[in-house]
Structure formats: C-alpha cells, structure tokens
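Remarks on the overall topology
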Amino acid sequence: MILIKGCECFSPAPLGHVDLLCGGREIIAAEEIINGRSLPGLTFIDGKGLLAVPGFIDSHAHFLGGGGEGGYTTRTPEIRLTDLTLAGVTTAVGCLGTDGFTRFPHALLAKSYALEQEGISTFLYTGSYQIPARTLLDSVEEDLLLIEKYIGVGEIAISDHRSSQPTLQELIRVASSARVGGLLAGKAGIVNIHVGGGHEGIRPLFDLIKHSEIPPTQFLPTHMNRNAPLAESSREWVLSGGYADFTASSEKPEENPLRPARLFQKALSDPHTRYHYTYSSDAQGSLPRFDAKGRLTEIGVAKASSLLEEFRYSLSLGLSMEEALLPLTANPAAILGLPRKGQITTGRDADILLFDSKTLKLNTVIAKGRLLVRDNTPLARGFFER
Ligand code: ZN
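Residues numbered from 1 in each chain as written. Predicted model: local features only at pLDDT ≥ 70, side-chain atom pairs only at ≥ 80, totals over all residues. Heavy atoms only, no water.

**Examining the coordination of the zinc ion**
Protein-derived ligands of the zinc ion are Glu155 (OE), His194 (ND1) and His223 (NE2), with the metal-ligand distances lying across 1.9 to 2.3 Å. All donors to the zinc ion come from one chain, and their sequence spacing reads E-x38-H-x28-H. In this pair, Glu155 is assigned in strand 9 (residues 150-158) and His194 in strand 10 (residues 190-195), connecting sequence segments 39 residues apart. A relative accessible area of 2% places His194 in the buried class. (Donors = N, O, S within 2.8 Å, 3.2 Å for Na, K, Ca; no water. Helix = DSSP H or I, 4+ residues; strand = E, 2+ residues; numbered from the N terminus. Buried < 20%, exposed > 50% of the residue type's maximum accessible area, 1.4 Å probe, protein only.)

Listed below in structure tokens is the structure:
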C-alpha cells in the first residue's frame with residue numbers, strides 16, 4: 001500500500017489537497033483525511049509541495065523502434081522502460097510503422113508483455129502502415145476478439161508516399177473490421193491513422209464517413225499538427241465529431257508554431273471539443289532531417305519525454321492544469337476505451353505522477369500501484385538497463 005499525504009491533486013479536474021491511498025494496483029481512496037499511517041507494509045509519501053496527476057497515456061509509440069526509411073542502418077532502436085517512466089508515461093499503446101515487413105506483430109506483442117512485466121500498462125494496435133493489415137491471427141477482428149492487448153488497428157498510413165496508397169474501399173474495409181472486432185470484444189476498436197504530408201490530408205477520412213456507416217469516432221488520426229493545413233482540418237474534423245491526435249516530438253520544438261499545446265489552446269474556443277484531442281509522442285519513430293536540397297542527411301528518434309515537455313509547455317502558455325492534462329490522460333483513456341486509466345478516482349488503476357509544485361520536476365511515478373520512480377530516480381529498470 002502507498003499513502004500520499006496532503007498532495008494537491010488534479011484528477012485531471014482539481015480535487016484540492018487530498019490524501020491518496022493505493023492498495024494492490026488500485027486507488028482505494030482519494031479523500032481529505034485518511035488515517036492510515038499504521039497500516040502494515042505501508043509506504044508513506046509526504047505530499048507537501050507535490051502535485052498529483054494521472055499517469056500519462058501515450059496512444060502512439062513504436063516499442064520495437066521504427067524508421068528505416070534511409071536503409072537498414074536507420075532502423076531506430078527499441079524503447080526501454082525508463083524512456084517511458086521518466087517521461088511520466090504509465091500506459092502506452094504500441095504500433096508498427098512504415099516497416100511492417102521485418103518488424104512483426106509477434107515481436108511487438110512480446111515487447112508489450114515485457115514492458116507490462118517491468119511495470120507499466122501496455123496495449124497495441126494490430127496491423128502497420130499497409131492495407132491489407134498484417135495481423136497476428138487471421139484477421140483484425142480475431143486479433144481484437146482473442147488477444148487482450150489489441151485495442152484497435154494502426155497506424156494505417158494515408159496521404160503519404162510511404163503508405164500502401166489505400167483505396168477508399170480498402171479503408172472502409174479495414175475500419176469496418178476494427179469496428180466489428182471492437183464491438184464483439186467490448187473494445188473501442190480505434191483506427192489509428194497515420195496522416196502524412198501529402199496534399200490530400202485527411203480528405204480520405206471525410207470521404208469514408210460520407211460513403212459508409214462508420215462514425216468519425218472510430219478514428220484517431222495522428223500527426224495532425226504536421227503542417228498548417230492539416231492542423232486547420234483537424235478542427236474541421238473534430239467539429240464534425242471526430243478525434244485528433246497531435247504528435248509532441250519534433251526536431252526543434254522551441255521553433256515549432258504547431259506544437260500540440262498551442263493548437264489545443266486555440267481549439268478550446270470551439271464549443272464541446274476539449275475532450276476530442278489527444279497528444280502522443282511517436283516514441284522511437286524516426287524524425288528525418290533533410291538538407292536544403294531535400295536530401296536525407298540524418299534521422300533522429302522521437303522521444304516519449306516530448307509529452308512531459310508538452311505538459312510543462314501547456315502550463316507556460318497559461319492553460320489550466322486540467323486543460324494541460326486532458327489530452328495526456330482522461331481524453332486518451334476515454335477515446336481508446338480504457339476505463340481503468342486516465343483519472344485519479346477510487347477504483348481506477350493507481351497510475352499517479354507526483355510533480356514538484358514549484359519546479360514542475362517529475363518526482364515520483366506510480367504505475368499499477370507500484371513505485372517505479374522516486375525522488376527523480378528510477379526504482380524499476382528494464383532488464384538490460386540495470
Ligand atoms: Zn506515423
């Protein structure tokens with residue numbers, strides 16, 4: 001059991017100063033006064049000067065690495081536990097990327113089990129960039145129905161020279177598989193769409209909802225802050241009922257006018273859409289750099305820590321704590337269909353971050369009721385990080 005005494009808590013809604021009691025993997029109580037210091041085996045944390053917020057949910061991470069667009073040597077490395085925990089990520093959704101040929105669903109599933117055993121919660125999208133989706137079992141429906149980790153399909157690439165150039169019918173078919181598999185399995189069956197820099201943008205998604213019975217809420221298009229027209233169409237998409245995900249990793253975030261927090265701040269003026277936005281890191285995905293002539297010169301690696309930076313940046317822009325947290329916590333939990341995640345509430349998983357309230361330094365990470373980081377130091381490491 002862990003008792004955090006007297007922290008200022010945001011669920012993400014402000015709860016004021018409370019005591020948080022975690023037992024097993026759950027939050028047992030979030031109340032004003034909990035007298036539990038004498039409980040046997042209790043870990044006591046003095047919450048004075050600390051902010052408690054839900055653990056971050058990263059809805060798009062390349063656990064096995066990604067990239068490879070510059071040849072074999074540019075395949076990016078696998079993620080390690082502390083890449084996530086030191087970024088405040090306690091739940092991550094893994095996916096394959098451009099290379100769905102040498103990186104397999106089997107390996108991704110094994111890696112997700114490893115991260116789960118090491119301490120965080122993991123989920124997966126089946127498939128990769130290409131349609132037909134490469135699945136573990138015979139179909140998207142079977143993966144969703146029979147394997148707990150799968151919560152959707154993706155990242156299916158559109159409007160990108162690296163996509164399989166899917167037709168409208170192919171997109172409808174894969175989305176219907178995700179929908180039916182999701183319905184039968186009691187999961188969201190989200191279709192995570194990689195939107196490239198192509199001129200079509202998310203036009204294929206607008207076409208899809210026009211020409212099928214599939215609702216816009218079936219999709220979570222990502223990289224929607226890739227360029228200005230796409231950022232603009234994300235508003236249009238959200239106003240028509242859809243969700244939009246902004247990628248936090250970028251080469252030079254300080255020079256990026258399309259940072260997630262900026263776009264979300266702008267979107268807050270639209271009515272009823274604040275719950276439709278999420279941020280993800282694209283962790284271990286590739287960040288290609290090109291020279292003035294457009295030649296590939298280097299490939300950087302996207303980092304989970306970009307989410308932590310975006311959280312702090314949101315607050316520096318003047319967003320409230322709740323607004324800064326929504327796209328990182330409660331929103332992805334609701335959109336991805338993860339009812340135990342994303343909020344500090346009795347009965348949900350004890351996934352809690354403690355920040356120094358003055359410096360906003362991440363002090364403590366609790367995931368599934370276990371202390372993974374304490375006083376900025378990892379207590380849990382991946383097997384080969386030790
Ligand atoms: Zn992508």
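What follows picks up the thread again.
**A word on the pairing of strand 10**
Burial runs high along strand 10: six of the six residues are buried. Where burial is concerned, the two faces of strand 10 agree: the one with Ile190, Asn192 and His194 and the one with Val191, Ile193 and Val195 are both buried. Running through helix 4 (residues 168-185), the crossover from strand 9 to the neighbouring parallel element strand 10 is right-handed. As paired strands, strand 10 and strand 11 (residues 219-222) are joined by four bridges and run parallel to one another. Its bridge partner being in strand 11, Asn192 is matched across the sheet by Leu220. Between the parallel elements strand 10 and strand 11, the chain passes through helix 5 (residues 203-210) in a crossover that is right-handed. (Right-handed = clockwise from strand over helix to strand, strands pointing away. Pairing = 2+ DSSP bridges.)

**Let's talk about a nonpolar patch on the surface**
Together, Leu137, Leu145, Leu146, Val180 and Leu184 line one region of the surface with nonpolar side chains, adding up to about 450 Å² of accessible area. When contributions to the nonpolar patch are tallied by element, the ones reaching two or more residues are helix 3 (140-146) and helix 4. For Leu184, the location among the structural elements is in helix 4. Judged by relative accessible area, which is 57%, Leu184 ranks as exposed. (Patch = residues over 30% accessible without salt bridge, like charges linked within 9 Å, V, L, I, M, F, W, Y side chains within 5 Å. Areas by Shrake-Rupley, 256 points an atom, 1.4 Å probe, with all protein chains shown as cover. Salt bridge = Lys/Arg side-chain N within 4 Å of Asp/Glu carboxyl O.)

**Describing the domain arrangement of the protein**
Each domain of the protein was delimited in the assignment, giving domain 1 (2-53 + 343-385) and domain 2 (56-335). A straight line from the C-alpha centre of domain 1 to that of domain 2 covers 28 Å. Contacts between the two partners involve 28 residues from domain 1, matched on the other side by 26 residues from domain 2. Roughly 2,100 Å² is buried in total at the junction of domain 1 and domain 2, and carbon and sulfur atoms are behind 68% of that figure. The three residues of domain 1 that bury the most area against domain 2 are Pro12, Lys368 and Glu385, which together make up 26% of that side's buried surface. Applying the counting criterion to the domain 1 and domain 2 interface returns two salt bridges. Taking the shortest distance from any N to any O, the salt bridge between Arg80 and Glu385 comes out at 4.0 Å. (Domains from an automatic or database assignment. Contact = heavy atoms within 4.5 Å. Buried area = accessible area lost by both parts, 1.4 Å probe.)

**Comments concerning the nonpolar core**
Judged by nonpolar contacts, the single largest core of 78 residues is most densely connected at Phe56, Phe219 and Phe355. For this core, the leading source of residues is helix 4, giving five residues. Contacts of Phe219, omitting those with residues within four sequence positions, involve Ala175, Ile190, Val191, Ile193, Leu205, Leu208, Ile209, Ile214, Trp237 and Tyr243. One finds Cys22, Ile344, Ala350 and Ile352 within the second-largest nonpolar core, a separate group that totals 17 residues. (Core = buried A, V, L, I, M, F, W, Y, C linked by side-chain atoms within 4.5 Å.)

**Some remarks on the packing of helix 5 against helix 6 (residues 228-239)**
The relative placement of two packed helices comes down to the angle between their axes together with the axis-to-axis distance. The contact between helix 5 and helix 6 brings their axes to 11 Å, and the two run at 15°. Comparing the axis directions of helix 5 and helix 6 gives the class roughly parallel. Once helix 5 is placed against helix 6, the crossing between them reads as left-handed. Residues Arg203, Leu205, Phe206 and Ile209 of helix 5 form the contact with helix 6, whose participating residues are Ser233, Glu236 and Trp237. (Axes fitted to C-alpha atoms, helices over the stretch in contact; angles between N-to-C directions. Parallel < 35°, antiparallel > 145°, perpendicular 65-115°, else oblique. Left-handed = near helix turned anticlockwise from the far one by under 90°.)

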